[in-house]
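For reference, the chains in residue letters:
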Amino acid sequence: MLAPFLCQLFNWSLEHGVVPSTFKSAYITPLLKKADVDPADPDSYRPISNLPVISKLLERLVAKQLVKFLTDNNLLPDLQSAYRTNHSTETSVLKVVADILQALDSGDLAALVLIDLSAAFDIVDHATLLRRLRKSYGFDGVVIDWFTSYLSGRTQCVSTSTTTSTSSLLECGVPQGSVLGPILFLLYAADVLQLIKRHQLHPHAYADDIQIYGFCHPLLLRPSAYRTEYLPALMMCLYG
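We now turn to the structure provided with this report.

1. Section: the environment of Leu-117
Working step 1: Examined against the element boundaries, Leu-117 turns out to sit in the loop between strand 3 (109-116) and helix 4 (126-135).
Working step 2: Overall, Leu-117 belongs to the partly exposed group, its relative accessible area being 35%.
Working step 3: Measuring from C-alpha to C-alpha, the distance between Leu-117 and Ala-207 comes to 9.6 Å, with 90 residues separating the pair along the chain.
Working step 4: Apart from the residues lying within four places of it in its own chain, the contact partners of Leu-117 are Phe-185 and Asp-208.

2. Describing the environment of Cys-157
Working step 1: Along the chain, Cys-157 turns up in strand 4 (residues 155-158).
Working step 2: Among the residues examined, Cys-157 registers a relative accessible area of 14% and is labelled buried.
Working step 3: Each C-alpha atom of the pair Cys-157 and Val-37 lies 24 Å from the other, and the pair is 120 residues apart in sequence.
Working step 4: Beyond its immediate sequence surroundings of up to four residues, Cys-157 is in contact with Ala-26, Tyr-27, Ile-28, Thr-164, Ser-165, Thr-166 and Ser-167.

3. A short note on the side chain of Ser-92
Working step 1: Within the secondary structure layout, Ser-92 lies in helix 3 (residues 89-105).
Working step 2: Excluding its chain neighbours within four sequence positions, the residues that come into contact with Ser-92 are Ser-81, His-204 and Gln-211.

4. Notes on the pattern of salt bridges
Working step 1: What the rule picks out here adds up to three salt bridges.
Working step 2: Here Asp-72 makes a salt bridge to Lys-68, at a shortest N to O gap of 2.8 Å. Of this pair, Asp-72 and Lys-68 both sit in helix 2 (residues 53-72), four residues apart, which is roughly one turn of the helix.
Working step 3: Overall, the relative accessible area of 52% leaves Asp-72 in the exposed class.

5. Quick word on helix 4
Working step 1: By the burial criterion, the buried members of helix 4 are His-126, Leu-129, Leu-130, Arg-132 and Leu-133. The buried residues of helix 4 occupy an angular sector of 160° when projected down its axis, which confines them to one face.
Working step 2: Check the buried side of helix 4 and you find it contacts helix 5 (141-151), helix 6 (180-188) and helix 7 (190-198).
Working step 3: At the N-terminal end of helix 4, a side-chain oxygen is found 3.3 Å from the backbone nitrogen of Ala-127, two or three residues along, and the residue is Asp-125.

6. Overview of the layout of surface pockets
Working step 1: Each pocket or cavity is described by its volume, and for the largest pocket that value is around 450 Å³.
Working step 2: The wall of the largest pocket is formed by 20 residues, among which Ser-49, Asp-122, Gln-156, Val-174 and Gln-176 lie closest to the centre.
Working step 3: Of all the secondary-structure elements, those providing two or more residues to the lining of the largest pocket are strand 1 (25-32), strand 2 (45-50) and strand 4.
Working step 4: Of the residues that constitute the lining of the largest pocket, the class distribution is ten nonpolar, seven polar and three charged.
Working step 5: The volume enclosed by the second largest pocket comes to roughly 260 Å³.
Working step 6: As for the second largest pocket, its lining consists of Leu-14, Val-62, Gln-65, Leu-66, Phe-69, Phe-139, Val-142, Val-143, Trp-146 and Phe-147.
Working step 7: Secondary-structure elements contributing two or more residues to the lining of the second largest pocket are helix 2 and helix 5.

7. Notes on the sheet that holds strand 1
Working step 1: With respect to topology, four strands assemble into an open sheet ordered 2-1-4-5, the strand pairing being mixed. Either end of the sheet is taken by a strand with one partner, and the two such strands are strand 2 and strand 5 (168-169).

8. Things to note about helix 6
Working step 1: The element helix 6 is largely enclosed, with a buried count of eight among its nine residues.
Working step 2: Listed in full, the buried residues belonging to helix 6 are Leu-180, Gly-181, Pro-182, Ile-183, Leu-184, Phe-185, Leu-186 and Leu-187.

9. Structural notes on the sheet that holds strand 7 (residues 209-216)
Working step 1: Strand order in this open sheet of three strands is 3-7-6, and the pairing throughout is antiparallel. In this open sheet, the two edge strands, each paired with only one partner strand, are strand 3 and strand 6 (202-206). Direction aside, neighbouring strands of the sheet carry axes that sit 15° apart on average.
Working step 2: As judged from the eight bridges shared by strand 3 and strand 7, these two strands associate in the antiparallel manner. Each residue of the ladder has a partner; that of Leu-112, found in strand 7, is Tyr-213.
Working step 3: Here helix 3 sits on the sheet and contacts strand 3, strand 6 and strand 7; the angle it forms with strand 7, its principal contact strand, is near 10°.

The rules behind each value
Residues numbered from 1 in each chain as written. Predicted model: local features only at pLDDT ≥ 70, side-chain atom pairs only at ≥ 80, totals over all residues. Heavy atoms only, no water. Helix = DSSP H or I, 4+ residues; strand = E, 2+ residues; numbered from the N terminus. Buried < 20%, exposed > 50% of the residue type's maximum accessible area, 1.4 Å probe, protein only. Contact = heavy atoms within 4.5 Å. Salt bridge = Lys/Arg side-chain N within 4 Å of Asp/Glu carboxyl O. Arc of directions from axis to C-beta. Polar contact = N/O pair within 3.5 Å; in protein donor to acceptor, adjacent residues only side chain to side chain. 1 Å grid on protein atoms, 1.4 Å probe; cavity = no way out; pocket = protein on both sides within 12 Å on 5 of 7 lines; lining within 4 Å. Points joined across faces, edges and corners; volume = space filled by probe spheres on them. Nonpolar A, V, L, I, M, F, W, Y, C, P; charged D, E, K, R; others polar. Pairing = 2+ DSSP bridges. Axes fitted to C-alpha atoms, helices over the stretch in contact; angles between N-to-C directions.

Quick look at the structure:
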């Protein structure tokens, strides 16, 4: 019986580029990370964000259309394995390990750096994200209006079994516990992978975890060999 009303509401939201304010209020439930941690320490808790169920239904509709648009136009980062069909932690690990093993089999040395961004979803700048959606992905008109409304005016409060805090306005970040939040983060951080590649290194990412690895011939680590064999060739490339 609710389906016709929800359909009308969702269509209105998409046609007018407006997300109802009641869809943008979350309450945070703090849960202990482990049973043996200090309950008096705030760092011992994992914040679980809860959003209205109807808002997630609307997000799923938008996410389905968004991912289809990005996939059809080949706009998703090719070296990002999170939140995508046929991409997983297994395929990410296989890609990185295969590249390193191939380099080692060729006689090269390999170095790998693992980066985990802290509170990555919470530090997304809304103005930068909207600008990227316009310039990098071609969103405009009512579409960009909808995402602007989706990001703005969001609030959250902390709720426990005995009390609830006052609501606070979120001025940055993508909604924790949302459907669209992770996808928007991928689009927001996509240029990081291109930046790494421009420095002749190899990146691969899974959500906010980034693996950066590179290869070199062992002779390049020997200063004398570098001076006698590689420096003249480098000078020839630079100065002709």
